[in-house]
Each structure stands twice: as structure tokens, then as C-alpha cells.
Amino acid sequence: MEEKNAHIDELVSKLLTEGLGKEEREELDNWMRQSDEHRKYVMQCQEVWFSALEEEETRRYDAGKAYAAFCERIAGLQFKEEKQGFPWKMVCRYAAAVAALVLVAFFSYRSGETNLKQSLTAIEVEAPLGSQSRLRLPDGTLVVLNAGSRIAYPQDFGVDSRKVELEGEGYFEVEHNAEIPFYVSSVNLQVKVLGTKFNFCDYPEDEKAVVSLLEGKVALDNLMRKEAEMTLLPDERIVLDKRAGQMKKESGHDKQVTGWVQGRLSFDETPLNEVVKVLERSYGVRIYFASEALKSYRFYGNFSRTEQSLEDILETLEKTGKVRYTVSDREITLY
């Protein structure tokens, strides 16, 4: 396998010394995704590197020279049965040297493992404002990120664990794996699943985090405060009130909860301040209120981002007779 992976060894070495270019990094990442064996091989290569070369202990102590010196000195000993008896002090001194060498190697290796985990920097995928991102994780799980969202997962994802971090909103179709549960965590919530379809929404600026289940079964943990784990069944959702720090289960969630995946924007008596957040993310603009009273107005409508522009939606808002707007570059004011 060494000859077969010679080029991969060069890429790993370059990654740990001078860094890889974009094409080389993509080549290494793609090779790792091909199989668990490939991912484990790269991890082992990096583990050896860190434990042998990169630790402070190995820079301070030259293990090879120390061991060679020990061998020379121990070989030069002549254990003669003299009157003063066996040289226990000398042997103990060398034994201590060996122990120190072993400890240095051990802690260098353990620290190397820690550095390895740190060096396997998380892979991040973002969906900029005004767009969406669709990706397949190494285990085959489908993830669709809504505008202004980000997901991060380790390079060894799927080997021993399946954990991702989410900021914003994401739709998940998780590949079933009974041996390795799938976790999605935001700052406030953690979802554990084996194989299912669900929507997870937790934008930092929102007052609530919402997890809606379409298929399967999920368990949720409140990361804001100690609270009993809650289980969701299809057509149920958990709403986390960030101000109170409490989760609440609701039945019969909005069937349009994943409409955004197909580019649909649905508002059902939605407060205008919530409508504005959706429009800002979906179209990459800034919208301001000339009056705080406008934020409590409620709005109903169904739109398609692929068929209707932001101006179409704003004109519909204006036709309610409650709201008018002005546009200046990428900034909009409602009054």
C-alpha cells in the first residue's frame, strides 16, 4: 500500500509543513471521502507525523540520540563482582534515563493525538445571503443550507462519529446507521438521530430555535439549560424559546416548513419583522423599519424565489394598504 499511497503521503507531508493549494487540498479530501480505509490512512499518517516531529517534547529532546547514547553507555559497563558490590546506583540512573525517554515518547504521542484532532480542521460549508447550498456528507447524508447558514464537520466524519455543527437553517435527510448516531448541534440545541428527515432552524438573531420532524424519530437536548430530553415523532416540532431557555413540543407543524428547499417563501399571518428576516436572507438585502409599530403587522402570502423578485413581494406588501417602501441601492425602508 506504500507505493500506491506515495503521492498521498507527499500531500499529507506538504499539508503539515507548507500547506496545500486549493486543487491539492481538494484532491486529498476527495481521496479521503472514497472510503473509511482512506480516511483512517490519512489520520494515521498525520498521527505519526505529530507524535514524531511536531511536539515540543521532541524538539527539546532528541529521542534517537538519547537512546543511542544509552546503548553505548550500557554496553560499556563492566559488571564486575568487586568488593563494593553490584553498581545499583549506576543501573538505577540508567533505568531512570530509560523511563524518562519512554515518558517523553508517550506524552509526545498523546499530545500528537491531540494535535492531530486539532489539525484536522473542520470542513465548513456556507450558504451566503441570497443563496442556498446543497451538499452530501461523507456518509451520504443530504444537507440543504438556507441563506445565511453555515455547517461544519470534521475531516474524519463518519469514521467513529457523525457530528455536525449548524448555524442558521438546514434540512437534513440522514443516512441510517444504527452503530453511529448522527448529531446536529447549534449553540442552543442538539439533535440526535439514527436515520430521518428533519428541518433545524436556529439563526443567532432569532428569538426561537425550531426543529421540525418529517420522518423517523429524533431526540433533542436543550443546551441552554438542564432539561429533560424530548423525543419527536413525524409532524411534531420542538420550539426553544431562547429568552426563557425552555423547549416546548407542538403537534401538527406547518407543512410548508421545508418549502424554502424548493425556493418557496410562505407566510401565514407572520409578523412583519419575521417576514423581513426571511427576505433579507433570501435576497441578500437590508430592510429597515421607519416605525417600530410596523413590526407587529401580520402578513400572508406564498411566493417563489425562482418566479418572483423581491420587488414583486414588496409590491404585494404595499397592496395591503398598511405598508409602503422605498429602495436605495441594496437597502429598503418600510414605512
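Residues numbered from 1 in each chain as written. Predicted model: local features only at pLDDT ≥ 70, side-chain atom pairs only at ≥ 80, totals over all residues. Heavy atoms only, no water.

(A) Local environment of the pairing of strand β4 (residues 149-153). The element β4 is largely enclosed, with a buried count of five among its five residues. Residues S149, I151 and Y153 point to one face of β4 and R150 and A152 to the other, with burial holding for every one of them. Inspection of the sheet shows strand β1 (residues 123-127) paired to β4 by five bridges, in the antiparallel sense. Paired with A127 across the strands is S149, a residue of β4. Both β4 and strand β5 (residues 162-173) contribute to a ladder of three bridges, which runs antiparallel. Across the sheet, the residue bridging to I151 is L166, located in β5. (Buried < 20%, exposed > 50% of the residue type's maximum accessible area, 1.4 Å probe, protein only. Helix = DSSP H or I, 4+ residues; strand = E, 2+ residues; numbered from the N terminus. Pairing = 2+ DSSP bridges.)

(B) Main features of the side chain of K277. Along the chain, K277 falls in helix α7 (residues 272-283). Judged by its relative accessible area of 18%, K277 falls in the buried class.

(C) Spatial organisation of the environment of E280. For E280, the location among the structural elements is in helix α7. With relative accessibility at 14%, the residue E280 sits in the buried group. Put simply, E280 and G130 are 150 residues apart on the chain and 7.7 Å apart in space, counted from C-alpha to C-alpha. Contacts of E280, omitting those with residues within four sequence positions, involve L129, V285, R286 and I287. (Contact = heavy atoms within 4.5 Å.)

(D) Highlighting empty space enclosed by the protein. Within this structure, the stated rule accounts for one cavity of 30 Å³ or more. Here the largest cavity is characterised by a volume of approximately 60 Å³. The wall of the largest cavity is formed by D29, M32, R33, R39, I123, P138, Y153, P154 and Q155. If you tally residues by element for the lining of the largest cavity, the top one is helix α2 (residues 22-33), at three residues. The residue inventory of the lining of the largest cavity, partitioned by class, reads five nonpolar, one polar and three charged. (1 Å grid on protein atoms, 1.4 Å probe; cavity = no way out; pocket = protein on both sides within 12 Å on 5 of 7 lines; lining within 4 Å. Points joined across faces, edges and corners; volume = space filled by probe spheres on them. Nonpolar A, V, L, I, M, F, W, Y, C, P; charged D, E, K, R; others polar.)

(E) Region of the structure containing the confidence of the model for the protein chain. Scored by pLDDT, the protein chain has a mean of 78; 71% of the residues are at 70 or more. In this model, residues 73-86 is a region of pLDDT below 50 whose contacts with residues beyond four sequence positions or in other chains number eight contacts. (pLDDT = per-residue confidence, 0-100.)

(F) Representation of the nonpolar core within the structure. Among the nonpolar cores identified, the biggest contains 29 residues, and V164, F172, F182, F198, F200 and L220 are the most heavily contacted of them. Beyond its immediate sequence surroundings of up to four residues, F198 is in contact with G170, Y171, F172, V174, V184, V191, V193, V211, S212, L213, L214 and V218. The next biggest cluster of nonpolar side chains, apart from the first, holds 21 residues, and it includes L272, L310, V323 and L334. (Core = buried A, V, L, I, M, F, W, Y, C linked by side-chain atoms within 4.5 Å.)

(G) Seen up close, the sheet that holds strand β15 (residues 286-289). Taking strand neighbours across the sheet as the criterion, the three strands line up as β15-β18-β17 in an open arrangement whose pairing is mixed. Looking at the sheet topology across the chains shown, the edges are occupied by β15 and β17 (325-328). Neighbour-to-neighbour, the strand axes of the sheet open up by a mean angle of 20 degrees, direction not taken into account. Summarising the sheet, β15 and strand β18 (residues 331-334) pair through four bridges and their orientation is parallel. What sits directly across from I287, in β18, is I332. Packing against the sheet, α7 makes contact with β15 and β18, and its axis sits at approximately 160 degrees to β15. (Axes fitted to C-alpha atoms, helices over the stretch in contact; angles between N-to-C directions.)

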